[in-house]
Amino acid sequence: MARSQSRYVCQSCGEAFLRWEGQCRGCGAWNSLVETLVREPAGGRQPRSAQPGAARPVQPVPLGSIDEDPLARLPVGIGEFDRVLGGGLVPGSIILVGGEPGIGKSTLLLQAAATLAGSLAANGGRVLYATGEESAAQVRLRAARLGILAGPSAAGIAVVAEAEVGRVVEHARTERPSVLVVDSIQTATVDALDGPAGSVGQVRESAYRLMELAKDEGIAVVLVGHVTKDGSLAGPKTLEHLVDVVLALEGERYAALRLLRAAKNRFGSTEEVGVFEMGEFGLRELADPARAFLVEHATPAPGSIVALTLEGSRPLLVEVQALTAPAGYGTPRRTASGLDPNRLALLIAVLGRRAGVGLAGHDVYANLAGGLTVDEPGLDLPLALALASSGRDRPVRVATVAVGEVGLLGELRAVSGLERRLREAARLGFGRAIVPAPGRGQSLPAVAGIEVIEAATLREAIEAALVPAGAPEPRSGRGAEAALGTDDVGRATGS
Ligand code: TYD
Ligand code: MG
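A short tour of the structure in this document, coming up. (Residues numbered from 1 in each chain as written. Chains lettered and ligands numbered in written order. Predicted model: local features only at pLDDT ≥ 70, side-chain atom pairs only at ≥ 80, totals over all residues. Heavy atoms only, no water.)

**Concerning the overall build of the protein chain**
Regarding its fold elements, the protein chain presents 11 helices and 21 strands. Residues classed as buried in the protein chain amount to 49% of the 495 residues present. Considering only intrachain contacts with a sequence separation of at least 6, the fraction spanning at least 24 residues in the protein chain is 70%. (Helix = DSSP H or I, 4+ residues; strand = E, 2+ residues; numbered from the N terminus. Buried < 20%, exposed > 50% of the residue type's maximum accessible area, 1.4 Å probe, protein only. Contact = heavy atoms within 4.5 Å.)

Right, here's the structure in full:
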């Protein structure tokens, strides 16, 4: 029935064709044709309100007289997950959980399904877990490993190994679960479309149907989405506009730490981050995430400092590591992992011009420990200090942390939430913090147990941070492993 109803529609001009072509004959755009279902065979879509099953037409209402609608939320029951969602899943909403293959999306969602089923059991609620990636037996195997096979939660999860969205929707309409998990949107297909699973047309139509289901039945629908190497959600960008919440599960595949972040959230903040550890029995919440990204070193070494970052309302202390070495020939290498390469380039330039640390002819490698990715201006100063430390071949003084934004003139700028950051550093046993000098009329917060050193410029901060030249510190808890043999000599440009 349906084959004749699918058309290839150009995404830039809207022209429709019967067959796929590489270039649109209407506007000349390349690769812009997407297989799309035409709902009315006679052509011409009817307005949504006239479609069967759609809500009745709504009338404009004065803003002031709209009733308050307290969001009913279904807490997942995993604290870090709920934190990122802003309190729980909202019925009738659609949530996309993205991440690289193998990072732990299916694990997280099966664990979430279990805690949800446990708390929903009291009022007869259930979770439907539809998977096109694995067989039901494989899901069982994973559940056994996660230890959720016995107990009330297993009874509250219905598993269906089904990739065709029409049938998943049918199951959902008969089962009437409170939450539907679809793993993954890239394997989901719609029978009426010819394109392979994962093609733009399939992904979009699948998501559209699941969205209709969510709104009609008030089901919270959670979609799993794979992310490509470059970090974008595979499939169409349009998916991100369609859904209510986009979460990203991040981390290095071979490291245990995982971060859950909201890239978009119609019902909460996008600032919060959840921290997990992948273990033998699934993902575990960390008792003390602030110290999760710290590394203990036996001997101090140049190139390492602890940054006082803030993720949403939560301070995270993370070790920044830098290694500089004279470049052989050609353009020097610049490698950044977990931090913005443009920021790295900028700081190298500022260090050279404003702080007397010349790294122009050096290969520079910089990364954050633990696989964390940080994108906040407060990381500038610690990164610059780690670079200066490696460049000068002088370690950072013991138990020192830093935070601050660096301007093009080498001046330091304040960051938000300084007091909260400092309190966390003091709690974790750091005794010195290098922070930007406050603006006129402002003062630095006093925090017990930590000496706060203010610096107005990058040059001042470097002097405060590094061990004085020729005076190696005997022992310390923190420093970097990074000194691979004798490092370069940034001293050539001196300070
Ligand atoms: P998975 O959830 O299948 O990843 P995704 O759905 O994002 O592709 O997780 C796969 C990895 O996690 C796999 O390499 C094994 C590991 N893992 C554990 O370390 N512990 C566990 O308890 C489980 C279930 C998986
Ligand atoms: Mg999976």
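**Let's talk about the site of ligand 1**
Taken together, 16 residues surround ligand 1, and among them Gly102, Ser106, Thr107, Gly279 and Gly282 come closest. For ligand 1, an oxygen atom lies 3.4 Å from a polar atom in the backbone of Ile103. Contact with the protein chains removes 78% of the 560 Å² of surface that ligand 1 exposes when unbound. Among the elements of the structure, helix H2 (105–120), helix H3 (136–146) and strand E11 (273–279) are those that each provide at least two residues to the shell around ligand 1. (Near = heavy atom within 4 Å. Polar contact = N/O pair within 3.5 Å; in protein donor to acceptor, adjacent residues only side chain to side chain. Areas by Shrake-Rupley, 256 points an atom, 1.4 Å probe, with all protein chains shown as cover.)

**Looking at the sheet that holds strand E12 (residues 282–285)**
In space, the nine strands of this open sheet follow the order E6-E5-E7-E8-E4-E9-E10-E11-E12, with mixed pairing throughout. Across the chains shown, the open sheet's two edge strands, defined by having one partner strand only, are strand E6 (157–160) and E12. Sheet twist, expressed as the mean angle between neighbouring strand axes with direction ignored, is 25°. Here four bridges tie strand E7 (residues 179–183) to strand E8 (residues 220–226), and the two strands are oriented parallel to one another. Within the sheet, the bridge partner assigned to Leu180 lies in E8 and is Val221. Across the sheet, H2 lies against strand E4 (94–99), strand E5 (127–131), E6, E7, E8, strand E9 (245–250), strand E10 (257–265), E11 and E12, angled at about 160° from E5, the strand it touches most. (Pairing = 2+ DSSP bridges. Axes fitted to C-alpha atoms, helices over the stretch in contact; angles between N-to-C directions.)

**Things to note about the nonpolar core**
Core analysis: the biggest nonpolar cluster contains 47 residues, and Leu351, Leu381, Leu387, Ile434, Leu458 and Ile462 have the highest contact counts within it. Element by element, the count of residues in this core is highest for helix H9 (residues 380–392), at seven residues. With near-sequence residues (within four places) excluded, Ile462 lies in contact with Leu351, Ala355, Val357, Leu385, Ala388 and Arg392. With 38 residues, the next largest nonpolar core counts Val84, Val97, Val179 and Leu249 among its residues. (Core = buried A, V, L, I, M, F, W, Y, C linked by side-chain atoms within 4.5 Å.)

**Digging into the sheet that holds strand E14 (residues 314–326)**
Taking strand neighbours across the sheet as the criterion, the seven strands line up as E15-E16-E14-E13-E17-E20-E21 in an open arrangement whose pairing is mixed. Lying at the two open borders of the sheet, with one neighbouring strand each, are strand E15 (334–337) and strand E21 (451–455). Strand-to-strand twist of the sheet, defined as the mean angle between neighbouring strand axes without regard to direction, takes the value 25°. Pairing analysis gives two bridges linking strand E13 (residues 304–311) to strand E17 (residues 400–402), with the strands arranged parallel. Its bridge partner lying in E17, Ala307 is registered against Ala402. Strands E13, E14, strand E16 (362–368), E17 and strand E20 (432–436) of the sheet are contacted by H9, whose axis makes an angle of about 30° with E14.

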